[in-house]
Amino acid sequence: MSILEMGKVVLKNLFNKPVTERYPFVKKEYPSGARGKVNIDPAKCIYCGICQRKCPTAAIVTTKEPKVWTIDRMRCISCNACVEVCPKKCLVLDVMYSPCSAKQGTDSFRP
Ligand code: SF4
Ligand code: SF4
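What you see is a predicted model; the values in this text were computed from it and never measured. (Residues numbered from 1 in each chain as written. Chains lettered and ligands numbered in written order. Predicted model: local features only at pLDDT ≥ 70, side-chain atom pairs only at ≥ 80, totals over all residues. Heavy atoms only, no water.)

By nearness alone, 13 residues border ligand 2, and Cys55, Cys76, Ile77, Cys79 and Cys82 come closest of all. Here the shell around ligand 2 is built from residues that sort into 10 nonpolar, three polar and no charged. (Near = heavy atom within 4 Å. Nonpolar A, V, L, I, M, F, W, Y, C, P; charged D, E, K, R; others polar.)

Here we take up the site of ligand 1. Lining the immediate environment of ligand 1, one finds 14 residues, of which Cys45, Cys48, Gly49, Cys51 and Cys86 sit closest. Here the shell around ligand 1 is built from residues that sort into 11 nonpolar, two polar and one charged.

Turning next to the pairing of strand β2 (residues 60-63). The side-chain alternation of β2 yields one buried face, formed by Ile60 and Thr62, and one unburied face, formed by Val61 and Thr63. Relative to strand β3 (residues 68-72), β2 is paired through four bridges, and the arrangement is antiparallel. Bridge pairing in β3 links threonine 63 to valine 68. Taking the residues that link successive antiparallel strands as the turn, the β2-β3 hairpin has four residues. (Buried < 20%, exposed > 50% of the residue type's maximum accessible area, 1.4 Å probe, protein only. Helix = DSSP H or I, 4+ residues; strand = E, 2+ residues; numbered from the N terminus. Pairing = 2+ DSSP bridges.)

This paragraph deals with a nonpolar patch on the surface. Taken together, the side chains of Met1, Met6, Val9, Val10, Leu11, Leu14 and Phe15 present a nonpolar region at the surface, about 790 Å² in accessible area. Note on placement: phenylalanine 15 falls in helix α1 (residues 3-15). Relative accessible area serves as the criterion here: at 70%, phenylalanine 15 is assigned to the exposed category. (Patch = residues over 30% accessible without salt bridge, like charges linked within 9 Å, V, L, I, M, F, W, Y side chains within 5 Å. Areas by Shrake-Rupley, 256 points an atom, 1.4 Å probe, with all protein chains shown as cover. Salt bridge = Lys/Arg side-chain N within 4 Å of Asp/Glu carboxyl O.)

Dropping the structure here:
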């Protein structure tokens, strides 16, 4: 690349908007239909275990006594199978992803 060509590139980049975004100051908008994390409304759940049986990665564990619905987020592949089979429609696949943290592994919900 000649000095002249390089100069053009430098000038162009000096006056154009940056292609990168200033995260976390500028939050990313997730596109609609993006597959993020599974959320549950524990008040509607009847702890039938259908979602657990349909989950291809064994990410969900439910128990009737005590009533606990648990998801291992590191195993979940956001396939939506649990959301589709839930008879009480208490699961949703949120567009947001789980934040990275040491606590990210498993989330438990009770009524
Ligand atoms: S299928 Fe729905 S109602 Fe049944 S345990 Fe799963 S979340 Fe609860
Ligand atoms: S979205 Fe798929 S992988 Fe994730 S918990 Fe539901 S069934 Fe399992």
